[in-house]
Amino acid sequence: MAHKKISVTLVLDIISAFARFYMAYVWIKAGLSKFSDQLAVSQSIEAYEIFTPEWSHYLSYIIGPLEVCGGLLLLFGLFLRPAAWVGQVVLTLFMIGIAQAWLRGLGIDCGCFAPNPNDDAQVMNYMMTLLRDLFYSVLMVWTIKRPFTKFALHP
């Protein structure tokens, strides 16, 4: 029985490690992609037709650094549960934004990893984007419930 408990614990640790480090990678990759072209990021945000052009411009300067910071918190294991909660809130808001754009028939690029709002070929597949983000959401909730604290600087 002890052998089975060790195996279950090991599997849960592997899932927790994957959730933490994969989402760190996702947040850092998404954030870094927004550093190179603020205009494209601003236009991607504006395409959702939620924020004014002025607010889209302001958000374009903060969203990338915030995503990178969130990813670094997960990577280094700093405040794992709070970082995962913030990530979950951001994902939920983003999924709401995608869903409202889809329901309104907007043909936009999500602006996630390489924003290019002027490329018609990059109109997102709404269903696949929402399913991807649902998967990310599951990983964030897993990290909230069972964070991988090994190698964490401040779990």
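One structure accompanies this document, and this report is about it.

The rules behind the values
- Counting starts from 1 at the beginning of each chain's written sequence and moves along it residue by residue.
- Given that the model is predicted, a residue must reach a pLDDT of at least 70 before its local features are reported, and side-chain atom pairs must reach 80 or more before they are shown or counted; all residues, however, enter totals for whole chains, interfaces and linings.
- Side-chain calculation: all heavy atoms of the structure are included, whereas hydrogens and water are not.
- What counts as a salt bridge is simple: a side-chain nitrogen of Lys or Arg found within 4 Å of a carboxyl oxygen of Asp or Glu.
- By definition, any uninterrupted DSSP run of H or I lasting at least four residues is a helix, any uninterrupted run of E lasting at least two residues is a strand, and each is numbered from the N terminus.
- Buried, partly exposed and exposed residues are distinguished by accessible area as a fraction of the type maximum, computed with a 1.4 Å probe on protein chains only: under 20%, between the cut-offs, and over 50%, respectively.
- Here, two residues are considered to be in contact whenever any of their heavy atoms come within 4.5 Å of each other.

## Digging into the pattern of salt bridges
And step 1. Inspection of the entire model under this criterion finds 5 salt bridges.
And step 2. Close ionic contact of aspartate 13 with lysine 150 constitutes a salt bridge, the shortest N to O distance being 3.1 Å. Residue aspartate 13 is found in helix H1 (residues 2-33), and its partner lysine 150 is found in the segment after helix H5 (126-145); the two are separated by 137 residues along the sequence.
And step 3. Between lysine 34 and glutamate 67 there is a salt bridge, and its shortest N-O distance comes to 3.0 Å. Of the two residues, lysine 34 is situated in the loop between H1 and helix H2 (38-47) and glutamate 67 in helix H3 (residues 53-76); the sequence distance between them amounts to 33 residues.
And step 4. Lysine 34 sits in the buried class, given a relative accessible area of 4%.
And step 5. Using a relative accessible area of 11% as the deciding quantity, one classes glutamate 67 as buried.
And step 6. Here the salt bridges do not stand alone but share partners, grouping Asp13, Arg146 and Lys150 into one network.

## Here's the deal with the environment of phenylalanine 35
And step 1. Positionally, phenylalanine 35 belongs in the loop between H1 and H2.
And step 2. For phenylalanine 35, a relative accessible area of 42% corresponds to the partly exposed category.
And step 3. Put simply, phenylalanine 35 and glycine 70 are 35 residues apart on the chain and 15 Å apart in space, counted from C-alpha to C-alpha.
And step 4. Once residues lying within four places of it in the same chain are set aside, the contact partners of phenylalanine 35 are Gly64, Pro65 and Val68.

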